[in-house]
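# Commentary on secondary and tertiary structure
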Amino acid sequence: NYITLTNLSDSDFERIARFRLSPLKISVHTTNSELRCFILKNPKAKDIISQLEFLKRHDIEFDAQIVLMKGINDEDELDRTISDLERFYPNLKSIAVVPVGLTKYREGLFALEPFSSDDAKSVLSKISKWQDIFLNKYQKRLVFASDEFYIKAKKRIPPYRFYEDFRQLENGVGMIALFKKQFISSLRKLKKREDIKRSLTIITGVSAYDFINELVKIFNKKFPNIRVNVLKIINNFFGEYVTVSGLLSGQDIISQAKNKIIGDLALIPSNALNDQNRFIDDISLDDLKKELNVDIYAIENNGRKLLRYLIKGGD
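None of the values given here were measured: they were computed from a predicted structure.

### Some points on the pairing of strand S8 (residues 295–299)
- Taken together, the five bridges between strand S7 (residues 265–269) and S8 define a ladder with parallel strand orientation. Bridge pairing in S8 places Leu265 opposite Asp295.
- You can see the chain leave S7, run along helix H10 (residues 285–292) and come back into S8, and the turn it takes is right-handed.

Printed below as a string of structure tokens:
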């Protein structure tokens, strides 16, 4: 869980040091005190540098997150933030830069703009320059953009080794590279088989659609008679700017997948479900099965497990 440190008292910091609560996950967003107060709407947000200095003095490690907002904490402010955070290395283990998530429900909220493709390219270019600097100094890239920026910029996701120790995986940093590595490395161990014949459907969000299709093409070179239909679901529940599969709603899947399922089963990402197997709109997995009239399996974000389902189905 990421914390902003804004609600911690001096005694809380002393406890962190005493009990060695490390590493911490910290939402920094910016090191500009006034801007951080504005972003978080909290006067205590101004103390971020002194708070990080305390953590470093007591040898507490932390990973930093920068949720980037167009025209707010990007461009020169992003440079400033990364530059300021560098002083906390090696206690600073990584920095993730992720785009702010914008839903269609923004009445009365601050007017934020989504990042365009050109904006995303500019962000990646800036981060790449910092990665080169840090590689030269520390033999680590240290700062990483989320996969969403590469997708938005229509740029290829970097390879598996680029992401080093994958410290920001939960932030969508390197998730696609890891998934592809798991899938391809497992596929390479298998012999070509034409005797397995079946059809099935993968249901996914907009962000992962092209990537999943790419994996299916590679898969079909070894399993040409397994037909895989990849179905892209647009997020009408939150709005089209929300493209991740983890925020798909049951109602969007039902309305867009009905009569489009090919084969005897469908696969959905398990991160779209909570612990009670319900989507964000409270529709259950059982409800979805009844509405679509097909066996549906929720699979984890793991390339090996996807490969197993493609070959063996629900067996």
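### Thoughts on the sheet that holds strand S4 (residues 143–145)
- Spatial ordering of the open sheet is given by S1-S2-S3-S4, a layout of four strands whose pairing is parallel. Whereas interior strands pair on both sides, the edge strands pair on one side only; in this sheet they are strand S1 (24–27) and S4. Sheet twist, expressed as the average angle between the axes of neighbouring strands with direction ignored, equals 20 degrees.
- The strands touched by helix H3 (residues 48–57) are S1 and strand S2 (62–68); relative to S1, the strand with the most contacts, the crossing angle is about 170 degrees.

### Considering the packing of helix H7 (residues 175–188) against helix H11 (residues 303–312)
- Closest axis-to-axis distance for the H7/H11 pair is 7 Å, and the angle between their directions is 50 degrees. With respect to H11, the element H7 is oriented oblique. Between H7, through Phe179, Gln182, Phe183, Ser186 and Leu187, and H11, the contact on the second element is made entirely by Gly303, Arg304, Leu306, Leu307 and Leu310.
- Of the residues assigned to the contact of H7 with H11, the class counts are six nonpolar, three polar and one charged.

### Things to note about the nonpolar core
- Within the largest apolar cluster, 71 residues are counted, with the highest numbers of intra-cluster contacts made by Leu55 and Phe219.
- Those residues in contact with Leu55, other than ones at most four positions away along the chain, are Phe13, Ile16, Leu24, Ile26, Ile60, Phe62 and Asn91.

### Concerning the pattern of salt bridges
- Counted by the stated rule, this structure contains 21 salt bridges.
- Note that Lys70 and Glu113 form a salt bridge whose closest N and O atoms lie 3.5 Å from each other. Residue Lys70 is found in the loop between S2 and helix H4 (75–86), and its partner Glu113 is found in the loop between strand S3 (92–99) and helix H5 (117–138); the two are separated by 43 residues along the sequence.
- Take Lys70: its relative accessible area is 26%, and that puts it in the partly exposed class.
- The class for Glu113 is partly exposed, based on a relative accessible area of 49%.
- Here Asp79 makes a salt bridge to Lys126, at a shortest N to O gap of 2.8 Å. With Asp79 in helix H4 and Lys126 in helix H5, the pair connects residues that are 47 residues apart, well separated along the chain.
- When its relative accessible area of 22% is taken as the criterion, Asp79 is described as partly exposed.
- Ionic contacts of the salt-bridge type, sharing partners, join the residues Lys25, Asp63, Arg167 and Glu170 into one network.

Thresholds applied
- Residues numbered from 1 in each chain as written.
- Predicted model: local features only at pLDDT ≥ 70, side-chain atom pairs only at ≥ 80, totals over all residues.
- Heavy atoms only, no water.
- Pairing = 2+ DSSP bridges.
- Helix = DSSP H or I, 4+ residues; strand = E, 2+ residues; numbered from the N terminus.
- Right-handed = clockwise from strand over helix to strand, strands pointing away.
- Axes fitted to C-alpha atoms, helices over the stretch in contact; angles between N-to-C directions.
- Contact = heavy atoms within 4.5 Å.
- Parallel < 35°, antiparallel > 145°, perpendicular 65-115°, else oblique.
- Nonpolar A, V, L, I, M, F, W, Y, C, P; charged D, E, K, R; others polar.
- Core = buried A, V, L, I, M, F, W, Y, C linked by side-chain atoms within 4.5 Å.
- Buried < 20%, exposed > 50% of the residue type's maximum accessible area, 1.4 Å probe, protein only.
- Salt bridge = Lys/Arg side-chain N within 4 Å of Asp/Glu carboxyl O.

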